[in-house]
Amino acid sequence: MKRVVTAAFAALTAILVTFSLTAGTASATPPNIPSAATATSRLATLTVAAETNQSSYDRSLFNHWITISGTCNTRETVLKRDGVGVVVNSSCAPTSGSWYSPFDGATWTAAGDVDIDHMVPLAEAWRSGAYAWTSAQRQSYANDLGGPELWAVTDNVNQAKGDQDPSTWQPPLSSFRCTYARAWIQVKYYWKLTLQSSEKSALQSMLATC
């Protein structure tokens, strides 16, 4: 009986070790994504207002990508953070690795197929309050690694998103929309950006899927 129990325990241990190794290959995600409950509370504190200053937006007003460490800029830093088995050259450009795009569930092995998405797009941030920021604040926002603002995603999915908010665009992978809403809310909350009523309603619906 003891031998049977020992064998069963060994088998269970092997399964757990295998699961742990498999789980370790999962791609990283940006930090500080709040729980659904926290996101709901923070959404309630955001100011609802019409967007403004759209005509004065210029992407060059948000300086990116800046050097983060050594030869690595913000894009390259995110690619290393969110990829699996990423190898870079002396210029910090990835030469191999794989990247899982949570927006659509696709996995890519060429860095050129991956864009770094600003969760709340630069133009959306501008219309929601960033027009009044200093150049230094806009640079910090465009290169923000401390929150869930920068995501490695499929390039054409990022391009389809453009500068839209959740009232007009949501990730094709519906199971990710809860996380998307939580991250979007956190960025707007941290950076004290406003949101439109239609945007708020869409976020509430997305949170309801959590």
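Use the structure listed above.
Read on for an overview of the structure. (Residues numbered from 1 in each chain as written. Predicted model: local features only at pLDDT ≥ 70, side-chain atom pairs only at ≥ 80, totals over all residues. Heavy atoms only, no water.)

## What to know about the state of the cysteines
Working step 1: Inspection of every chain in the model, using the stated rule, returns 2 disulfides.
Working step 2: Between the sulfur of C72 and that of C92 lies a disulfide, 1.9 Å long from S to S. Across the S-S bond linking C72 and C92, the dihedral sits near 85°, which makes this disulfide right-handed. Remark: C92 occurs in the loop between β3 (83-88) and β4 (94-101) and C72 occurs in strand β2 (residues 72-73); sequence separation between them is 20 residues. Side by side, C72 and C92 carry an identical accessibility label, which is buried.
Working step 3: A disulfide bridge connects C178 with C210, and the sulfur atoms are separated by 2.0 Å. When the S-S torsion is 110°, as for the bridge of C178 with C210, the disulfide is right-handed. Of the two residues, C178 is situated in helix α7 (residues 177-190) and C210 in the segment after α8 (197-207); the sequence distance between them amounts to 32 residues.
Working step 4: Ordinal numbering of bonded cysteines along the protein chain defines a disulfide pattern of 1-2, 3-4. (Disulfide = S-S within 2.5 Å. Helix = DSSP H or I, 4+ residues; strand = E, 2+ residues; numbered from the N terminus. Buried < 20%, exposed > 50% of the residue type's maximum accessible area, 1.4 Å probe, protein only.)

## Points about α8
Working step 1: Inspection of α8 places E199, A202, L203, M206 and L207 among the buried residues, and these make up the whole buried set. In an axial view of α8, the angular spread of the buried residues amounts to 135°, which keeps them on one side of the axis. (Arc of directions from axis to C-beta.)

## As for the pairing of strand β7 (residues 150-154)
Working step 1: Of all 5 residues in β7, 5 are buried, a share of seventy percent or more.
Working step 2: Both strand β6 (residues 114-118) and β7 contribute to a ladder of 5 bridges, which runs antiparallel. Bridge pairing links I116 to A152 in β7. (Pairing = 2+ DSSP bridges.)

## Here we look at the pattern of salt bridges
Two side chains with opposite charge may pair up if their charged atoms get near one another.
Working step 1: Taken as a whole, this structure holds 7 salt bridges when the rule is applied.
Working step 2: For D117, the salt bridge identified is with K161, shortest N-O distance 2.9 Å. Note that D117 is positioned in strand β6 and K161 in helix α6 (residues 155-161), a separation of 44 residues in sequence. Here D117 matches K161 in class, with each residue buried.
Working step 3: As a salt-bridge pair, K188 and E124 come within 2.6 Å of each other at their nearest N and O atoms. (Salt bridge = Lys/Arg side-chain N within 4 Å of Asp/Glu carboxyl O.)

## Topic: the packing of helix α2 (residues 36-45) against α8
Working step 1: Where α2 meets α8, the axes come as close as 11 Å, and the angle between the chain directions of the two elements is 165°. The pairing of α2 with α8 is recorded here as roughly antiparallel in orientation. In the crossing of α2 with α8, the sense of the turn from one axis to the other is left-handed. On α8, the residues that touch A36, A39, T40, L43 and A44 of α2 are K200, L203, Q204 and L207.
Working step 2: Its residues assigned to classes, the contact of α2 with α8 comprises 6 nonpolar, 2 polar and 1 charged. (Axes fitted to C-alpha atoms, helices over the stretch in contact; angles between N-to-C directions. Parallel < 35°, antiparallel > 145°, perpendicular 65-115°, else oblique. Left-handed = near helix turned anticlockwise from the far one by under 90°. Contact = heavy atoms within 4.5 Å. Nonpolar A, V, L, I, M, F, W, Y, C, P; charged D, E, K, R; others polar.)

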